[in-house]
Amino acid sequence: MSHSFNKIWVHAIWATKERAPLLKDNIEQKVYQFISTQLREQGCPVRIINGMPDHIHCLFLLNPQKSITEVIKQLKGSSSHFVNQNNLMSEKFSWQTGYAAYSVSESVVEKVFEYIKNQKQHLIKKTFQQEFDDFMKKYGLSNS
C-alpha cells in the first residue's frame, strides 16, 4: 500500500477554570465558532461543538500530523486569548488545566453527535462532575 489513511474521531471535553459558569448564552456561540475555526485551521474537521456554562464538548476528526495534546492546548490557549482580548466578559477568562479525550468509532459518531447536541437536556439530570465521572468509568480511566 503506497498511501497512508486514517480517520480518528475525537470527543474532547474540558472545563472552565474552577468550573465557573462563564460560558453564558450571550457569548457561548462566539466561543464555539472561534474554536470551530481554530480546529479547521489545524486540519481537524469539526462535527459539533456544544456545552454548558462550565464546560465544552467537541467532536472532530484528528489531523494525522497532530497530537490530541497539541490540538487541545492550542484551542484552549487561543480561545482564552480570544475571550479576553475581545472583552466578552468582565472577569478574566481561562480554562481549567487538563482535558478528557476519547476515540469514537465511526459506528457511533451519530450517537455522540446527538449526545453533544443535547447537552443542556442531559445535564438537567446530572452535574458536570457526574457526567465526567461516568465517562471516566465507561472508558476505564482513573481521574486520580
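As shown above, the structure is provided for reference.
Below is a summary of the structure that appears in this document. (Residues numbered from 1 in each chain as written. Predicted model: local features only at pLDDT ≥ 70, side-chain atom pairs only at ≥ 80, totals over all residues. Heavy atoms only, no water.)

What follows is about the packing of aromatic side chains. According to the stated counting rule, one finds 3 aromatic pairs in the structure shown. Seen in terms of ring centroids, F34 and F82 are 4.3 Å apart; in terms of plane orientation they differ by 10°. Their pairing is stacked. Remark: F82 occurs in helix 2 (residues 68-85) and F34 occurs in helix 1 (residues 25-41); sequence separation between them is 48 residues. Take F34: its relative accessible area is 18%, and that puts it in the buried class. On the numbers, 5.0 Å between centres and 85° between planes, the contact of F93 with W95 is edge-to-face. Classification of W95 as buried rests on a relative accessible area of 8%. Put simply, the rings of W14, F93 and W95 touch in pairs and so form one group of aromatic residues. Above the ring of F113, the side-chain terminus of R47 is found at 4.0 Å from the ring centroid. (Phe/Tyr/Trp six-rings, centres within 6.5 Å; stacked < 30°, edge-to-face > 60°. Helix = DSSP H or I, 4+ residues; strand = E, 2+ residues; numbered from the N terminus. Buried < 20%, exposed > 50% of the residue type's maximum accessible area, 1.4 Å probe, protein only. Lys NZ or Arg CZ within 6 Å of the ring centre and 35° of its normal.)

One non-glycine residue, R19, lies in positive phi territory at about 55°. As for its placement among the helices and strands, R19 is situated in the loop between strand 1 (9-15) and helix 1. Positive phi, normally seen in glycine, also occurs at N87, with a value near 50°. Locating N87 in the fold gives a position in the loop between helix 2 and strand 4 (100-104). Using a relative accessible area of 63% as the deciding quantity, one classes N87 as exposed.

This part is about the nonpolar core. One broad rule of soluble globular proteins: the nonpolar side chains tend to lie buried together. Of all hydrophobic cores here, the largest spans 26 residues; its most connected members are W14, I35, L39, I56, F60 and W95. Elements represented by at least two residues in this core include exactly strand 1, helix 1, strand 3 (55-61) and helix 2. Filtering out sequence-adjacent residues up to four positions away, W14 remains in contact with I35, H55, I56, C58, I72, L75, K76, W95, G98 and Y99. In this structure, W9, I48, V104 and V109 belong to the second largest nonpolar core, which totals 9 residues. (Core = buried A, V, L, I, M, F, W, Y, C linked by side-chain atoms within 4.5 Å. Contact = heavy atoms within 4.5 Å.)

Let's shift gears to the pairing of strand 1. Extensive coverage of strand 1 is indicated by the burial of 7 of its 7 residues. The two faces of strand 1 match: W9, H11, I13 and A15 on one face and V10, A12 and W14 on the other face are all buried. As judged from the 7 bridges shared by strand 1 and strand 3, these two strands associate in the antiparallel manner. Bridge pairing in strand 3 places A15 opposite H55. (Pairing = 2+ DSSP bridges.)

Looking now at the side chain of E28. Position of E28 among the secondary structure elements: in helix 1. Using a relative accessible area of 8% as the deciding quantity, one classes E28 as buried. When near neighbours in sequence (up to four residues on either side) are disregarded, E28 contacts L23, G51 and K120.

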